[in-house]
Structure formats: C-alpha cells, structure tokens
There are 2 protein chains.
Amino acid sequence: MTPAAEGAGATKRTTRGLVTRERIVAAAAQLMFERGVAGTSTPDVRDAAGVSSSQIYHYFADKSALTRAVIEFQTARILTGQRVLLSRLDSFAALRDWRDAIVQIEHDLDCRGGCPLGSLTSELAEHDPAARTALAEGFTLWTDAIRDGLQDMLDRGVLRDDADPHRLSLATMAALQGGLLLAQAQRSTAALEAGLDAMIERIAFHAVAL
Amino acid sequence: MTPAAEGAGATKRTTRGLVTRERIVAAAAQLMFERGVAGTSTPDVRDAAGVSSSQIYHYFADKSALTRAVIEFQTARILTGQRVLLSRLDSFAALRDWRDAIVQIEHDLDCRGGCPLGSLTSELAEHDPAARTALAEGFTLWTDAIRDGLQDMLDRGVLRDDADPHRLSLATMAALQGGLLLAQAQRSTAALEAGLDAMIERIAFHAVAL
DNA sequence: GGTAAACTGGATAGTCAAATCCAGTTTTGG
DNA sequence: CCAAAACTGGATTTGACTATCCAGTTTACC
C-alpha cells in the first residue's frame, strides 16, 4: 500500500501533501549542502523538516530517492534563482553582472559549500547512476542557458562568426565549477574570479571590433 | 603507549614499518578515489592493504588522520606524476601536451573519479578543517607549478608584460577542476577540453606577435 | 459526513562501522 | 641475542543509521 512515492503510481496527492513533501526536500537539500549526503541522516532531515519519521518514507521509497529529489530541487533552484541573470546573459555587461553576482553570493557564504550540484557530483557520481544522470542533466540545462545568451550575442552581431557558443558555454561552466570548488578549499574567491574573468575575456576576444 | 602516529611523537620507525604505513595509505587512497571517503570503511582498507585491523590504528590515530595522509599522498602523486609535464610548462607546445595528457588520462578512466583532490574537497571541506587546509595547500602547490611555467614564458619574452602568471594559473586550475567535475557527471571530456583550450587560448592572447 | 490521505510518535529489527583491546608471534636492528 | 617494533586475528564495545511497522489522530475533499 506504500505509494510508489516517485514513479507513475499516480497516487492522489493533496496540496498539503505536496507542500510537506517539498518541505522535506528543501530541508534535505539544505543539510546535504552543508554536510554532504553521507553526513545527512534521515533523523536529521526529520528534525529539520519538522515531520515524523514515517512521512519521509511515505513520500520517498528510500534515501536514494530523496537524494534524487534534492538534485532536481537544486537544479530548479539554480535555474529559477538565476533566471533574471541567465535569461539576459547576452551582453558583456550582463556577463559581468552575472560574474559579480556569483562572486558576491560565494563571498556572503564565506566560501562555504561550493556549488549545490557540484558537491553532490563527486559524492554520488560513482555509486548512484540515477543521481549521476540527473546531475548531468542539471549541468546541461544550466550550460545551455549560458549558451543561449552567447548565441543571442552572435545572432545580433555582437560576437563574430568564429565564436562557438556551445564550446564557450562549456568552458565557462568548467571555470565556474572549478572556481567554486577552489573557493571552498581555499576559502577565497580568487580562483573563481580569475576563472570567470578569464572566460569573459576569452569571449570578448570574439567581439567585433568597436 | 599508542604511538602518536602522526605528530612529533618521534616514535622510531623501521623501514618495514614505513612501507606498511605507505601500503595502507595507498590502498585507502585508491578506495577513497573510487568510492569516496564515506564509502570507504576501515575494514575495506584493511582487506585492500592486506594488513590486520590493528595496524591501521597503530599508524593512524583515527580515520580522520588516515584521510589526511591520503590527501598528502594524492598531492605528492599529482606533483611527481606530472613533474615531467609541469616542470616544463613553459611553452605553448608544452601547455598543449599537458592538456592532451590530462584529457587522455580522463578518457582512459572512462571519465570516472574526477580529480583525486577535487573529489575529496567537496566531501571534507565543510566538516574537517584540517583536511580542508591540506587540500588548499595541495591546490596551491599545483597551481604554483603552473604559475612558474608561465612566469618562465614571461621572463623569456614569450608572453607580454600584461600577462599575470598568478591569475592565469588560478584560472587554469579552475578550468581544470571544473572540467574534471563535469567530465565525471557527464561522462564526457567535452567540457574539460573546452575549458583547458579556452584557457590556453586566453594565455596565447598575451603572446608576443609572431 | 465519511473516506482517503496526511500525520504523529515511537517501537523495532537489522546492519555496519569506528575504535579499543588483547594475547601471542614474527621481524628488525643495534 | 635481545629489546622494541611490527604484526596477526579476532573478540568486543559502542553507537548510529536505514528502513519497516503500527496504532491511533487529524485534516482535507467530494
């Protein structure tokens, strides 16, 4: 009778149920961000979400399913949270604003935690194939958002034809992820700033002469 | 009576003892690379190293101390393993060889595991300050090796004076780390290649005109 | 108003890992 | 040769976590 909790089981859910489910996911996401997946126990999530133990297993088949929900949650969070910046990532001013916003966030966090998706990657990629796939998908969506802005710049003639938006967006995402990882290790945004700046300058190399 | 196992306890160690200690660290490093720190139990390490349980706690105060030894092991491994490439990272040909070697390694590993230091970072940074410091130090040594090559190019007039070796090396390390992380998630070296290529091109921007 | 879902709260089983301890054996280095 | 270190192999304590189950209560919705 346990609702499939995830699959096409199509168990009827009330609004209240969905809200509770979301509260569990949000709490788990926060804890996993702060302490990692292995460092987050279901009792921890239970307390943080303010629910009873049974509710967690009512909505999720097991911890692995909860973790996958967290990945989707973080992906959505990044894409909507950066929507304003990402949707208009189509000028050098916008790129620099985006860079500044990320550096500012990291600074405000005292360089703790790295990237919500990046941290999960190294912990899950090798022993949870479903999680790895979900993470890969999240990175792809994120990278594509950057690519679209660059494509826009190319279409509008801001960038020359020799610019490859897809490749540039991949490189930018690499610099971002690595910058966040190094920020976490070194408690400094120096590498993050250097990486993002270098990529923006690299993109500027393709700009049509003023 | 337990030897401090790490500190300035200055317990006399025989050659055989050091060899065994190293065998434990190497086995732990391999397992932690494959399964993560949390996914590696001391019984796992015991079996992989072919020693008795007591020996692990004979050489290391606890799992945390062993983990720190693993970080030092991996740092040394990277620096000596890439010594040939890193020590002469002072020309564009050398930079490209270095890039190719890294991509090749990742390809041979089927994009599994990411960076030995990077993986440890997101897992340990937030709840093991000593580990975080050791990781930061490892990244600094690695980045400095890159910086030295660039400084060489600058000193020899291959790069123009407006090149900032330190900043460029930081950006390169960010692209490398992010590229490896994305490779792990997406099982593709595309982002790694794009990131490193972009950085090499970025450095080439500072090259004196031919 | 009644059915189904949401929810509490705690008991519980089973597993596994960290770390300590010990009694005895082998190896080594001066 | 002999003392210290290296090492075996396993027993053991302690604790935490995953996951299940249940008996009963509250809330939502047609």
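Everything numeric here is computed off the predicted structure, so don't read it as measured data. (Residues numbered from 1 in each chain as written. Chains lettered and ligands numbered in written order. Predicted model: local features only at pLDDT ≥ 70, side-chain atom pairs only at ≥ 80, totals over all residues.)

Chemist: Before we go on, may I ask you to explain unusual backbone geometry in this structure?
Modeler: Comment: phi is negative for the bulk of residues other than glycine, and the bulk of peptide bonds are trans. Backbone geometry at D110 of chain A places phi at a positive 55°, although glycine is not the residue there. Position of D110 of chain A among the secondary structure elements: in the loop between α6 (92-108) and α7 (116-124). (Helix = DSSP H or I, 4+ residues; strand = E, 2+ residues; numbered from the N terminus.)

Chemist: What exactly am I supposed to notice about the protein's contact with DNA strand C here?
Modeler: Taken together, 23 residues surround DNA strand C, and among them G17, T20 and S52 of chain A together with S41 and D62 of chain B come closest. Listing elements by their share of the surface near DNA strand C, those giving two or more residues are α1 (15-35) and α3 (53-59) of chain A together with α1 (15-35), α2 (42-49) and α3 (53-59) of chain B. A per-class count over the surface near DNA strand C returns three nonpolar, 14 polar and six charged. (Near = placed C-beta within 6 Å. Nonpolar A, V, L, I, M, F, W, Y, C, P; charged D, E, K, R; others polar.)

Chemist: Which parts of the structure should I look at to understand the relation of the copies chain B and chain A?
Modeler: Superposing the two chain copies requires a rotation about an axis and a translation along that axis. Superposing chain B onto chain A takes a rotation of 180° combined with a translation of 0.0 Å along the rotation axis, leaving an RMSD of 0.1 Å. Viewed as a symmetry operation, the transformation between the two copies matches a two-fold axis. The residues that chain B uses at the interface reappear at the interface of chain A in 100% of cases, marking a shared surface. (Least-squares fit on C-alpha atoms with pLDDT ≥ 70 in both. Contact = placed C-beta atoms within 7 Å.)

Chemist: Any chance you could explain the interface of chain B and chain A here in plain terms?
Modeler: Frequently, the measure chosen for interface size is the accessible area that the parts lose on association. Opposite the 45 residues of chain B that make contact, chain A presents 45 residues. Looking at the side of chain B that touches chain A, the element that brings in the most residues is helix α9 (residues 165-186) of chain B, giving 15 residues. Taken together, the residues of the side of chain B that touches chain A sort by class into 21 nonpolar, 15 polar and nine charged.

Chemist: What is the right way to read the confidence of the model for chain A from this model?
Modeler: Do not read the predicted coordinates in detail wherever pLDDT is low. Overall, the predicted model of chain A reaches an average pLDDT of 91, with 94% of residues at or above 70. Considering only residues more than four positions removed or in separate chains, one finds that residues 1-10 of chain A, a stretch of pLDDT under 50, has 11 contacts. (pLDDT = per-residue confidence, 0-100.)

Chemist: Looking at this structure, I do not really get the protein's contact with DNA strand D. What am I missing?
Modeler: Looking at DNA strand D, there are 23 residues lining it, with S41 and D62 of chain A together with G17, T20 and S52 of chain B nearest. Contributing elements (two or more residues each) for the surface near DNA strand D: α1, α2 (42-49) and α3 of chain A together with α1 and α3 of chain B. For the surface near DNA strand D, the per-class residue count stands at three nonpolar, 14 polar and six charged.

Chemist: Sorry if this is basic, but what is going on with the packing of helix α7 (residues 116-124) of chain B against helix α8 (residues 129-155) of chain B here?
Modeler: When two helices pack together, you describe them by how their axes are tilted relative to each other and by the distance separating the axes. All names here are of chain B. For the pair α7 and α8, interaxial distance at closest approach is 10 Å and the crossing angle is 150°. As summarised for this structure, α7 and α8 are arranged roughly antiparallel, according to the angle between their axes. Crossing of α7 over α8 shows left-handed handedness. Packed against α7, whose contacting residues are L117, L120, T121 and L124, the element α8 presents A131, R132, L135, G138 and F139 at the interface. Its residues assigned to classes, the contact of α7 with α8 shows six nonpolar, two polar and one charged. (Axes fitted to C-alpha atoms, helices over the stretch in contact; angles between N-to-C directions. Parallel < 35°, antiparallel > 145°, perpendicular 65-115°, else oblique. Left-handed = near helix turned anticlockwise from the far one by under 90°.)

Chemist: What exactly am I supposed to notice about the packing of α6 of chain A against helix α10 (residues 190-204) of chain A here?
Modeler: All names here are of chain A. At a minimum axis distance of 10 Å, the contact between α6 and α10 shows a crossing angle of 170°. One finds that α6 runs roughly antiparallel with respect to α10. Where α6 approaches α10, its residues F92, L95, R96, R99, V103 and E106 are matched on the opposing element by L192, E193, L196, I200, I203 and A204. Broken down by class, the residue content of the contact of α6 with α10 amounts to eight nonpolar, no polar and four charged.

Chemist: It is not clear to me how the environment of E201 of chain A should be interpreted in this structure. Could you clarify?
Modeler: Mapped onto the secondary structure, E201 of chain A falls in helix α10. Measuring from C-alpha to C-alpha, the distance between E201 of chain A and R187 of chain A comes to 24 Å, with 14 residues separating the pair along the chain.

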